[in-house]
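# Structural overview for review
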There are 2 protein chains.
Amino acid sequence: MPVSLDPSVADRLKRTADGLVCAVVQDRTSGKVLMVAWMDDEALHRTLTTRRATYYSRSRQQLWVKGETSGHTQYVHEVRLDCDGDALLLRVDQVGGACHTGDETCFDATTLLAAQDHAGGQPMSPVR
Amino acid sequence: MPVSLDPSVADRLKRTADGLVCAVVQDRTSGKVLMVAWMDDEALHRTLTTRRATYYSRSRQQLWVKGETSGHTQYVHEVRLDCDGDALLLRVDQVGGACHTGDETCFDATTLLAAQDHAGGQPMSPVR
């Protein structure tokens, strides 16, 4: 399958050895960081052209459209590239929980270091 | 140098081939995603025990304390691990700009896909 990502974008990406860039996904309304996933050029192309968040699964070695089976889709409002070209920031409208566990975010489950106060923080959850 | 990361934490990490996990850094007050960096076990150990954000530089192949030379330090309030153990979320107090360019965030410079409206979005900036 030919890759169709705009060359002016493709030229700016700094990929891992396996050809991927990291994508940070943020809820547009709550501002919460929902998940981190990976994109190859084709996943980024499809995300930019369809506004449906599309990633590359390292374990399955194939593209996947977020929510295609769960219904928990992400409508992509904005995509930004970081200063050194190796990370993307997607601001999305998330339908349902972003995490495959059903949690709102993939970061809900495990706290390694707890906030010393709750000011401005997300609600605390126990380490599990 | 022996790695001193708590084994109960180390056992949960799913590292890249080069032994790293991705760290997403979010401003605790504004909710903005500031940057993405990488951590090896020792960087995570130091971050958890000192609350000074410490990363691993892939280009220089060494640890670096954020702000050690620029003064733009990050005080770490909270560290979370995602559901599959390959990404960290740090909620920090950022001193100065997070980006080495002087920008507030590393995602300020380049917009690949613009929001269709401005509701809830970060201020728009031109593609450059």
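As the structure is a computational prediction, the values presented were derived from the model and not from experiment. (Residues numbered from 1 in each chain as written. Chains lettered and ligands numbered in written order. Predicted model: local features only at pLDDT ≥ 70, side-chain atom pairs only at ≥ 80, totals over all residues. Heavy atoms only, no water.)

On a plain count of helices and strands, chain A comes out with two helices and seven strands. The order of helices and strands in chain A, counted from the N terminus, is α-β-β-α-β-β-β-β-β. Here the analysis covers contacts within chain A between residues at least 6 apart in sequence; of these, 44% occur between residues at least 24 apart. With an accessible surface of roughly 5,800 Å², chain A has 51% of that area assigned to carbon and sulfur atoms. (Helix = DSSP H or I, 4+ residues; strand = E, 2+ residues; numbered from the N terminus. Contact = heavy atoms within 4.5 Å. Areas by Shrake-Rupley, 256 points an atom, 1.4 Å probe, with all protein chains shown as cover.)

So, on to the interface of chain B and chain A. Tallying the contact residues gives 52 residues for chain B and 52 residues for chain A. Summed over both sides, the interface of chain B with chain A buries roughly 4,500 Å², with 54% coming from carbon and sulfur. Of all residues in chain B, B:Arg80, B:Leu112 and B:Leu113 give up the largest surface area on contact with chain A, accounting jointly for 17% of the area buried on that side. Run the count over chain B and chain A and you get two salt bridges. (Buried area = accessible area lost by both parts, 1.4 Å probe. Salt bridge = Lys/Arg side-chain N within 4 Å of Asp/Glu carboxyl O.)

Here we take up the relation of the copies chain B and chain A. Relating one copy of the chain to the other requires a rotation about an axis plus a shift along that axis. Relative to chain A, chain B is turned by 180° and slid 0.0 Å along the rotation axis, the superposed coordinates differing by an RMSD of 0.0 Å. In the structure described here, the two chain copies are related by an operation that fits a two-fold rotation axis. Relative to the rotation axis, the C-alpha of B:Gly31 is the closest in chain B, positioned 2.9 Å from it. An overlap of 100% is found between the interface residues of chain B and their copies at the interface of chain A, pointing to a shared contact surface. (Least-squares fit on C-alpha atoms with pLDDT ≥ 70 in both.)

The next subject is the confidence of the model for chain A. For chain A, the average pLDDT comes to 90, and 88% of its residues sit at 70 or higher. In this model, residues 119–128 of chain A is a region of pLDDT below 50 whose contacts with residues beyond four sequence positions or in other chains number 24 contacts. (pLDDT = per-residue confidence, 0-100.)

On to the environment of B:Ser30, then. Residues and elements named next belong to chain B. Residue position: Ser-30 is located in the loop between strand E1 (21–27) and strand E2 (33–39). Taking relative accessible area as the criterion, Ser-30 reaches 41% and is therefore assigned partly exposed. A C-alpha to C-alpha distance of 17 Å links Ser-30 and Gly-102, two positions 72 residues apart in sequence. Among the polar contacts listed, one links the side chain of Ser-30 to the backbone nitrogen of Lys-32, at a separation of 3.1 Å. (Buried < 20%, exposed > 50% of the residue type's maximum accessible area, 1.4 Å probe, protein only. Polar contact = N/O pair within 3.5 Å; in protein donor to acceptor, adjacent residues only side chain to side chain.)

The next point concerns unusual backbone geometry. All names here are of chain B. A positive phi angle, near 60°, is found at Arg-51, a position not held by glycine. Mapped onto the elements of the fold, Arg-51 is located in the loop between helix H2 (41–50) and strand E3 (54–57). Within the chain, Gln-61 stands out as a residue other than glycine whose phi angle is a positive 55°.

All names here are of chain A. If you walk through the whole model with that rule in mind, you get 16 salt bridges over all chains. Glu-104 serves as the salt-bridge partner of Lys-32, at 3.2 Å between the closest nitrogen and oxygen. Pair noted here: Lys-32 is in the loop between strand E1 (21–27) and strand E2 (33–39) and Glu-104 is in the loop between strand E6 (87–94) and strand E7 (110–113), with a separation of 72 residues, a long-range link. By sharing partners, the salt bridges in this structure join Glu-78, Arg-80 and Arg-91 into a single network.

Evaluated as defined, the whole model comprises three aromatic pairs over all chains. Aromatic pair B:Tyr55 and B:Trp64: ring centres 5.2 Å apart, planes at 50°, arrangement tilted. (Phe/Tyr/Trp six-rings, centres within 6.5 Å; stacked < 30°, edge-to-face > 60°.)

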